[in-house]
Amino acid sequence: MKKMFIIIIILAIIFVGMVVYKNTAVGSKNNVSVNEVQEIEQYISGIYMWEEVTNEALPIFEDINNANDLWTWEVIKKNLEQYEISYEEIKQKSKEIFGESFTKEFPKEGTSSFEYDEEIDKYFATEIITDNKEDLFLLSNINKTSEGYIVDIIEYLEDYSEENNIKVVNFNNEEIGNISISENESKVQEIVKNNKERFSKKRVVLKKENDKLVVQKVEKV
């Protein structure tokens, strides 16, 4: 029984390592734990949008309050648990995602992301129409700071326009490689890692606030 328990623990450790490897390209992690890597990956996934919806999956900004409006409200919509919401709930959700320093006011009349129903004083999330390309990223490098993390990411697209094939594409619409739809997803990450100089890269500055991560700025690398 003890031997079986040890085997289960070892397999669990291997599995966690595989999950982290899947989303992490080569690069230093500066004493960052597996749990921290997972938390970083999960947070950035929550704010990483669709290029065809918000023009950029993750826009460049020096201050979160200067970030693209469409991207901002679509991020909030992406992180909702329900699609009927009040003005105060939108405000609360924005603070939860972007932090206490986020002061951008949501328009009372609604936006293209949230339609306002005056009769019941509620906002409804609008429909999102996406294409056959999935916007994705790999964590490339993580440096721990006194306030949070500086994270470099590699951006890429998975193109599903062909029935049995996944094309790996950069943001210049250049095909870098492809795999069969039946192959393991890790093959895509290998293509990205082996050709990382052909993909766009960004640096995401994250701050730890109230035990949660919030984004402070995004810049090109």
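Note that the structure is predicted; figures quoted are calculated from it, not measured.

I would appreciate a short explanation of the pattern of salt bridges in the present structure.
Charged atoms that come close allow side chains of opposite charge to pair. Applying the stated criterion across every chain, the model contains 12 salt bridges. Across the salt bridge formed by E39 and K208, the nearest N and O atoms sit 2.7 Å from each other. Remark: K208 occurs in strand β8 (residues 201–209) and E39 occurs in helix α2 (residues 34–47); sequence separation between them is 169 residues. Take E39: its relative accessible area is 25%, and that puts it in the partly exposed class. Taking the relative accessible area as the measure of exposure, K208 reaches 33% and is therefore partly exposed. In this structure, E96 and K93 form a salt bridge, with 3.2 Å as the shortest nitrogen-oxygen distance. Taken together, the residues E96 and K93, both in helix α5 (residues 87–98) and 3 residues apart, mark about one turn of the helix. The exposure class assigned to E96 is partly exposed, which follows from its relative accessible area of 36%. Among the ionic contacts, a cluster of salt bridges with common partners joins E56, E155 and K202.

Where do I start with the environment of L206 in this structure?
Inspection of the secondary structure puts L206 in strand β8. Once the C-alpha coordinates of L206 and I44 are considered, the two residues, 162 residues apart in sequence, prove to be 9.3 Å apart. Beyond its immediate chain neighbours, meaning those up to four positions away, L206 contacts I40, Y43, I44, E147, G148, Y149, V151, L213, V214 and V215.

What should I look at first to understand the packing of α2 against helix α4 (residues 69–78) in this one?
Packed helix pairs are specified by the crossing angle of their axes together with the interaxial distance, meaning the distance between the axes. Viewed as axis vectors pointing N to C, α2 and α4 meet at an angle of 120°, and their least axial separation amounts to 8 Å. Looking at the two axes, α2 sits oblique to α4. Here α2 contributes S45, G46 and I47 to the contact with α4, which in turn contributes W71, V75 and K78. Looking at the contact of α2 with α4 residue by residue, the classes come out as 3 nonpolar, 2 polar and 1 charged.

Is there a simple way to explain the packing of aromatic side chains in this structure?
The description of an aromatic ring pair uses the distance of the two centres, along with the angle that the planes make with each other. As enumerated under the stated definition, the model contains 12 aromatic pairs in all. The interplanar angle of 35° and the centroid separation of 5.0 Å between the aromatic rings of F98 and F102 together place this pair among those described as tilted. Residue F98 shares its accessibility class with F102, and that shared class is buried. Arranged with centres 5.7 Å apart and planes meeting at 85°, the rings of F106 and F114 form a pair that is edge-to-face. Each of the two residues, F106 as well as F114, counts as buried. Following the ring pairs from residue to residue traces out a cluster consisting of F61, W71, W73, Y87, F98, F102, F106, F114, Y116 and Y123. Sitting above the plane of the W50 ring, K78 keeps its charged end 5.2 Å from the centroid.

Reading the values: rules and limits
Residues numbered from 1 in each chain as written. Predicted model: local features only at pLDDT ≥ 70, side-chain atom pairs only at ≥ 80, totals over all residues. Heavy atoms only, no water. Salt bridge = Lys/Arg side-chain N within 4 Å of Asp/Glu carboxyl O. Helix = DSSP H or I, 4+ residues; strand = E, 2+ residues; numbered from the N terminus. Buried < 20%, exposed > 50% of the residue type's maximum accessible area, 1.4 Å probe, protein only. Contact = heavy atoms within 4.5 Å. Axes fitted to C-alpha atoms, helices over the stretch in contact; angles between N-to-C directions. Parallel < 35°, antiparallel > 145°, perpendicular 65-115°, else oblique. Nonpolar A, V, L, I, M, F, W, Y, C, P; charged D, E, K, R; others polar. Phe/Tyr/Trp six-rings, centres within 6.5 Å; stacked < 30°, edge-to-face > 60°. Lys NZ or Arg CZ within 6 Å of the ring centre and 35° of its normal.

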